[in-house]
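Each chain is listed here by its residues.
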Amino acid sequence: LIQGDVGSGKTLVALSLMLDVVEAGFQAVIMVPTEILALQHAKTIESIAGVQCQILIGGMKASAKREAHSAIESGKAKIIIG
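Structure report, in brief. Each chain carries its own residue numbering, running from 1 in the written order of its sequence. Only residues with pLDDT of at least 70 are given local features in this predicted model, and only at 80 or more are side-chain atom pairs given and counted; all residues enter the totals for whole chains, interfaces and linings. Side-chain figures throughout are based on the complete set of non-hydrogen atoms in the structure, without hydrogens or water.

## As for the overall build of the protein chain
Put simply, DSSP marks the helices as runs of H or I at least four residues long and the strands as runs of E at least two long, and each gets a number from the N terminus on. Helix and strand counts for the protein chain stand at three helices and three strands. Walking the protein chain from its N terminus toward its C terminus, one meets helices and strands in the order α-β-α-β-α-β. Atoms considered for the radius of gyration are the C-alpha atoms alone. The globule rule reads 2.2 Å times the number of residues to the power 0.38. For the protein chain, whose C-alpha radius of gyration is 13 Å, the value lies close to the compact-globule estimate of 12 Å for 82 residues. Across its three principal axes, the protein chain shows a C-alpha extent of roughly 35 × 30 × 25 Å. Going through the 82 residues of the protein chain one by one, you find that 32% of them count as buried. By definition in these notes, contact holds between two residues if any of their heavy atoms fall within 4.5 Å. Considering only intrachain contacts with a sequence separation of at least 6, the fraction spanning at least 24 residues in the protein chain is 55%. His is not counted, nor are the chain ends; Lys and Arg add positive charge and Asp and Glu add negative charge. Charge coordinates come from a single atom per side chain, which is NZ of Lys, CZ of Arg, CG of Asp or CD of Glu. Charged side chains of the protein chain number 7 positive and 7 negative; the gap between the two group centres comes to 9 Å. Throughout this description, buried means an accessible area under 20% of the type-specific maximum (1.4 Å probe, protein chains only), exposed means over 50%, and partly exposed covers the range between.

## Observations concerning the sheet that holds strand S1 (residues 28-30)
For two strands to count as paired, DSSP must find a minimum of two bridges between them. The sheet built from three strands is open, its strands ordered S1-S3-S2 with parallel pairing. Two strands bound the open sheet, and with one partner strand each, they are S1 and strand S2 (53-55). Each adjacent strand pair in this sheet contributes to an overall mean axis angle of 25°, direction not counted. Note that S1 and strand S3 (residues 79-81) share three bridges and pair parallel. Across the sheet, residue Ile30 finds its bridge partner in S3, namely Ile81. Axis definition: a line fit to C-alpha positions, over the contact stretch in the case of helices; interaxial angles, taken between N-to-C directions, run 0 to 180 degrees.

## Comments concerning helix H2 (residues 35-49)
End to end, H2 covers 21 Å across 15 residues, agreeing with the expected 21 Å (1.5 Å per residue, within 8%). Taken residue by residue, H2 has Ala38, His41, Ala42 and Ile45 as its buried positions. Along the axis of H2, the buried positions cluster into a sector of 100°, meaning they face one direction only. Facing away from the buried side of H2 by more than 90 degrees, the exposed set consists of Ile36, Lys43, Ser47 and Ile48. On its buried face, H2 is in contact with helix H1 (10-23), S1, S2 and S3. In the segment just after H2, Gly50 is the residue with positive phi, at about 65°. For a helix, the expected span equals 1.5 Å multiplied by the residue count minus one. Note that the arc is computed from the directions linking the helix axis to the C-beta atoms.

## Regarding the side chain of Gln54
With respect to the element layout, Gln54 can be found in strand S2. Setting aside its immediate chain neighbours within four residues, Gln54 contacts Ala68, Ala71, Ile72, Ala77, Ile79, Ile80 and Ile81.

Shown next, in the form of structure tokens:
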């Protein structure tokens, strides 16, 4: 758990640790408070780090959730954002 003020660098610390986990051959998860932030994080992480991200949020349609679960279970998704 990382706690801090807005703009204090929590996401960068989390991303650094998640990339270490992915490099070791595992998957990592980050939970964020809003769906908009989840979408922003996925776009940013994929463009900066070049790592396959998978969003799994409540507002997704059932078919999209099934696809997300499949990507997570197969290991294709390296970072999951919820």
